[in-house]
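# What the coordinates show
Chain residues, written in single-letter form:
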Amino acid sequence: MENKVTYQARQSGKIMLNANESGENLTAQMMDRVVEAIRNTAFNRYPENSQVKLREAYASVIGVNADQIIAGNGSDQLLGYLIGKLAGVDGTVYTFDPDFSMYDYYTSSYGSQIIKYPCDEDGSLDLDSFIRYGNDQNADLVIFSNPNNPSGHCLSIEEVEKVIQGFDGTPVIVDEAYIEFADEASAISLLDQYPQLYVTRTLSKAYGLAGMRVGFAIGQKQNMDALREGYVPYALSTPAMEIACAILSDPGAVQNRICEIKAQRQKMLEIMKQMKCLTVYDSQANFIYGRTEERDRLCAILDEEGIVIRLYGDGSTFRITVSTQQENSLLLQALQRFEGEGQ
Ligand code: PMP
């Protein structure tokens, strides 16, 4: 019991830069809208199963029709659903290495196999070779995050189109969890042309609603109608849908936060690139990916400062969320210490 209390106290005091969440909670105005939405919620009733209000709200933000969208309990739920439906049992799922680890999880849970194409450490890759290898392997489904988690690299819309064309009718899922932070355009404008294309989006990152679990899959109407057939009823709770609608009703407020994070990211990258003890890569997302040969020493310093970052199994790479100005400066101070003590 005593251990548990101490653990909780330490957890709440930590600076969590490991999960690419928004460092900032909702603004006071957003919170007022959320409270109002909750006040009008019929808690005694099951949720509205067609999700129509939420789908219409998101459709108007991204410029598609509401019947092209399915909403889920985070985009994670929809990624799992799409992988199951499009690759099925015994299918071959083709992705980048590295990419989002949940693709492996869902692929293996459906009994399919995953094949990965190794990218350079900055996330760049030879697209012709990626396409050739995937076709040689008879990929049943191509899936990748764009911007990539963890590298932060982002393919241009022309490159995404080249991948779609390169796989000639094979379904392609572009996971755009971080696209709001990118300078590149979304693949959503390609949906009219390519029935094999699916795009996933989330409110967990730029919209700061990770705790609400709201995400979307977007595709051509006939594909989405077919997917709706086997979809779980009541995937989202009424409060989650109402709160999402309240936040989506003011996209301008979210835009301010995105601009601030992009500015912070550039400032952090400039400073971190000067450091000799680590290497970092350009990013189009709300995180920075890098490597250091002295990761244990880095972790010891971050631990003392109460900062948690994401570490990868190779022993040297890491990913750090770009958070609030205050948390970012604390991180930079810890990194300066790492740099200073290393020389
Ligand atoms: N895709 C990528 C690339 C992610 O990094 C994440 C979350 N870490 C997700 C999808 C899932 O996000 P959510 O379920 O919160 O919508």
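Let's shift gears to the domain arrangement of the chain. How big an interface is tends to be reported as the loss of accessible area on association of its parts. If you check the domain split of the chain, you get domain 1 (15-20 + 252-341) and domain 2 (28-249). Distance between the C-alpha centres of domain 1 and domain 2: 26 Å. Counting residues at the interface gives 21 residues for domain 1, matched by 22 residues for domain 2. Between domain 1 and domain 2, a total of about 1800 Å² is buried, with carbon and sulfur atoms accounting for 54% of that surface. Of all residues in domain 1, Val254, Gln284 and Tyr289 bury the most surface against domain 2, accounting for 32% of the area lost on that side. The salt bridge involving Lys262 is made with Asp183; its shortest N-O contact spans 3.0 Å. Taken together, the connections running from domain 1 to domain 2 amount to 12 residue pairs in polar contact (both at pLDDT 80 or more). Elements with a minimum of two residues in the side of domain 1 that touches domain 2: α10 (251-273), β10 (287-291) and β12 (317-321). Across the side of domain 1 that touches domain 2, the residue classes break down as 10 nonpolar, five polar and six charged.

We now examine the site of the ligand. In the neighbourhood of the ligand, 14 residues make up the surrounding shell, with Ser75, Asp175, Tyr178, Thr202 and Ser204 lying closest. Within the contact set of the ligand, an oxygen atom lies 2.8 Å away from a side-chain nitrogen or oxygen of Asn149. Interatomic distance of 2.5 Å between a side-chain N/O atom of Thr202 and an oxygen atom of the ligand. In the complex, 91% of the free accessible area of the ligand, which totals 400 Å², lies under the protein chains. Top element by residues in the shell around the ligand is helix α4 (residues 74-87). It accounts for four residues.

In this section: the packing of helix α11 (residues 295-304) against helix α12 (residues 325-341). Close contact between α11 and α12 brings their axes to 10 Å; oriented N to C, the two are set at 140 degrees. For the element pair α11 / α12, the angle class is oblique. Classified by chirality, the crossing of α12 by α11 is right-handed. Between α11 and α12, the contacting residues are Arg297, Leu298, Ile301, Leu302 and Glu304 on the first element and Leu331, Ala334, Leu335, Arg337, Phe338 and Glu341 on the second. The residue makeup of the contact of α11 with α12, split by class, is seven nonpolar, no polar and four charged.

Further remarks concern unusual backbone geometry. Look at the link from Asn146 to Pro147: it is a cis peptide, with omega at 0 degrees. By the secondary structure assignment, Pro147 is in the loop between β5 (141-145) and α7 (157-166). With phi around 55 degrees, Gln51 is a residue other than glycine that occupies positive phi space. Tracing the backbone through its elements, the reader meets Gln51 in the loop between α2 (28-39) and α3 (52-62). On the basis of relative accessibility, which here comes to 7%, the residue Gln51 falls in the buried class. At Tyr234, a position not held by glycine, the phi torsion is positive, near 55 degrees. In this structure, Tyr234 sits in the loop between α8 (221-229) and α9 (238-248). Residue classification places Tyr234 among the partly exposed residues on the basis of a relative accessible area of 40%.

An order of β2-β8-β7-β6-β5-β3-β4 is seen for the seven strands of this open sheet, with the pairing classed as mixed. Edge positions in the sheet fall to β2 (69-72) and β4 (113-118), since each has one partner strand and no second. Adjacent strand axes in the sheet meet at a mean angle of 20 degrees when their direction is disregarded. Relative to strand β6 (residues 172-175), β5 runs parallel, the two being bridged by four bridges. Bridge pairing links Val142 to Val172 in β6. Each of β3 (92-97), β4, β5 and β6 touches helix α5 (residues 102-109); the most contacted strand, β4, lies at about 150 degrees to it.

So, how was this worked out
Numbering of residues starts from 1 in each chain and follows the order in which that chain's sequence is written. With pLDDT at 70 or above as the cut-off, local features in this predicted model cover only qualifying residues; side-chain atom pairs require 80 or more to be listed or tallied, and sums for whole chains, interfaces and linings still use all residues. The side-chain values count all of the structure's non-hydrogen atoms but skip hydrogen atoms and water molecules. What counts as a domain boundary in this text is fixed by an automatic or database domain assignment. Any two residues whose heavy atoms approach within 4.5 Å are treated as being in contact. The term buried area means the drop in 1.4 Å probe accessible area that two parts suffer when joined, counted for both and summed. When a carboxyl oxygen of Asp or Glu is within 4 Å of a side-chain nitrogen of Lys or Arg, the pair counts as a salt bridge. N or O atoms closer than or at 3.5 Å make up a polar contact, with two conditions inside protein: a donor-capable atom paired with an acceptor-capable one, and, for residues adjacent in sequence, both atoms drawn from side chains. Here a strand is any run of E in DSSP of at least two residues, a helix any run of H or I of at least four, and the numbering for each starts at the N terminus. Each residue is assigned to one class: nonpolar for Ala, Val, Leu, Ile, Met, Phe, Trp, Tyr, Cys and Pro, charged for Asp, Glu, Lys and Arg, and polar for all the others, Gly among them. Any residue with a heavy atom lying within 4 Å of a molecule or strand is counted as near it. Surface accessibility in these figures is a Shrake-Rupley result with a 1.4 Å probe; residues are shielded only by whichever protein chains are displayed. Geometry is summarised by axes, namely lines fitted to C-alpha atoms with helices restricted to the contacting stretch, and by angles between N-to-C directions that run from 0 to 180 degrees. The labels follow the angle: roughly parallel below 35 degrees, roughly antiparallel above 145, roughly perpendicular from 65 to 115, and oblique for the rest. Left-handed describes a crossing in which the near helix is turned anticlockwise from the far one by less than a right angle; the clockwise case is right-handed. Remark: exposure states derive from per-residue accessible area (1.4 Å probe, protein chains only) relative to the maximum for the residue type, with buried under 20%, exposed over 50%, and partly exposed in between. Think of it this way: DSSP has to see at least two bridges between two strands before they count as a pair.

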